[in-house]
Amino acid sequence: MRPERYQLELFVEPAAGQMRGEARVLLVNDSVTAEREVSLLLNRSLEAETAPGLTQEYCAMQDLPSQEVAHVRLELDRALPPGGRTWIEVRYTGGLSDYTASGMSYIRDTIDDEFTILRPDAFAYPVVGPPSHGELWGADLPMFGYSARALVPRDHVVANGG
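Residues take numbers from 1 onward in each chain, read along the sequence in its written order. Per-residue local features are limited, in this predicted model, to residues with pLDDT of at least 70; the limit for side-chain atom pairs, both in listing and counting, is 80 or more; totals at the level of whole chains, interfaces and linings are taken over all residues. For the side-chain quantities, the full set of heavy atoms in the structure was used; hydrogens and water were omitted.

**Student:** How would you explain the side chain of H71 if you had to name every residue and give the values?
**Tutor:** Its place among the elements puts H71 in strand β6 (residues 64-80). The cut-offs for exposure are 20% and 50% of the maximum accessible area for each residue type, with area from a 1.4 Å probe on protein chains only; residues under the lower value are buried, those over the upper are exposed, and the others partly exposed. Overall, the relative accessible area of 4% leaves H71 in the buried class. Under the rule applied, a polar contact is a pair of N or O atoms within 3.5 Å (in protein, one hydrogen donor and one hydrogen acceptor; residues adjacent in sequence only if both atoms are side-chain atoms). A distance of 2.6 Å separates polar atoms of two side chains, one belonging to H71 and the other to S39. Should any heavy atoms of two residues lie within 4.5 Å, those residues are considered in contact. Beyond its immediate chain neighbours, meaning those up to four positions away, H71 contacts S39, L40, L41, T55, Q56, E57, C59 and P131. For the purposes of this entry, the term helix denotes a DSSP run of H or I that reaches at least four residues, the term strand denotes a run of E that reaches at least two, and both are numbered from the N terminus.

Here you go:
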């Protein structure tokens, strides 16, 4: 499965160090077999809302065991055939933990009043794929369309660098 389009709605509360997110993702089954399950990754401090067919566990990245993520699995209502497309929705809440202890010293992401960045490296929104850097990023970063809306306190500024 690969994402073709994201629609993100984010509610960021810097003073509390928390956020809520709603992600709609258009998925394409780019495999040669029908797929029934979607694998998503979130920052280890985020938790997906419970929904039918959704499970979440915390696990290490297969090729970087010191990096823990929230591995979310979502069972589809029916198997998605090769080349098929479907929308999924995931709501999630929590904070952001940095990944400096895992050797990813540039991922110091947190939610606070001074500076907050929400990006895929920190799994600040549901990243489609298994818990493996090699399989997620491979030789190329995934390409997809997106729209994002971020609600923040009045005295904060939102910028986008997609």
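**Student:** So, the nonpolar core: which residues are in play, and what are the values?
**Tutor:** Buried residues of nine kinds, namely Ala, Val, Leu, Ile, Met, Phe, Trp, Tyr and Cys, make up a nonpolar core once their side-chain atoms join them within 4.5 Å. If you look at the biggest cluster of nonpolar residues, it comprises 40 residues, and the most contacted ones within it are I88, Y92 and F123. Sort the elements by how many residues they give to this core and β6 lands first, with seven residues.

**Student:** So what's going on with the packing of aromatic side chains? Which residues, and what values?
**Tutor:** Pairing of aromatic rings covers Phe, Tyr and Trp, the last counted by its six-membered ring, and requires centre-to-centre distances within 6.5 Å; plane angles under 30 degrees mean stacked, over 60 mean edge-to-face, and any other angle means tilted. Counted by the stated rule, this structure contains three aromatic pairs. Measuring from ring centre to ring centre gives 4.7 Å for Y6 and F144, while their planes differ by 50°; the resulting arrangement is tilted. Placement of the pair is Y6 in strand β1 (residues 2-13) and F144 in the loop between α1 (133-137) and β9 (145-151), with a sequence separation of 138 residues. Residue classification places Y6 among the buried positions, given a relative accessible area of 2%. Counting every residue linked through ring pairs, the aromatic cluster contains Y6, Y125 and F144. Criterion for a charge above a ring: Lys NZ or Arg CZ within 6 Å of the ring centre, and within 35 degrees of the ring normal. It is R20 that lies over the ring of F11; its NZ or CZ is 4.4 Å from the centre.

**Student:** Break down the environment of V152 for me, with residues and values.
**Tutor:** Structurally, V152 is set in the segment after β9. Once the C-alpha coordinates of V152 and F11 are considered, the two residues, 141 residues apart in sequence, prove to be 6.3 Å apart. Apart from residues no more than four positions distant in its own chain, V152 is found in contact with V12 and V158.

**Student:** So what about the pattern of salt bridges? Which residues, and what values?
**Tutor:** Throughout this description, the term salt bridge denotes a Lys or Arg side-chain nitrogen within 4 Å of a carboxyl oxygen of Asp or Glu. Within this structure, the stated rule accounts for eight salt bridges. E37 serves as the salt-bridge partner of R73, at 3.7 Å between the closest nitrogen and oxygen. In this pair, R73 sits in strand β6 while E37 sits in strand β3 (residues 35-43), placing the two residues 36 residues apart along the sequence. Using a relative accessible area of 41% as the deciding quantity, one classes E37 as partly exposed. One network of salt bridges, with partners in common, ties together E37, E57 and R73.

**Student:** Any chance you could break down the sheet that holds strand β8 (residues 127-128) for me, citing the residues and the numbers?
**Tutor:** Pairing between two strands requires that DSSP report at least two bridges joining them. Reading across the sheet, the four strands line up as β5-β6-β3-β8 and stay open at both edges, with antiparallel pairing between neighbours. The sheet is open, and its two borders are formed by β5 (54-61) and β8, each paired with just one other strand. Of the strand pairs in this sheet, β5 and β6 are connected by eight bridges, and their pairing is antiparallel. By the bridge assignment for β6, E57 is matched with H71.

Geometry only, nothing functional implied.
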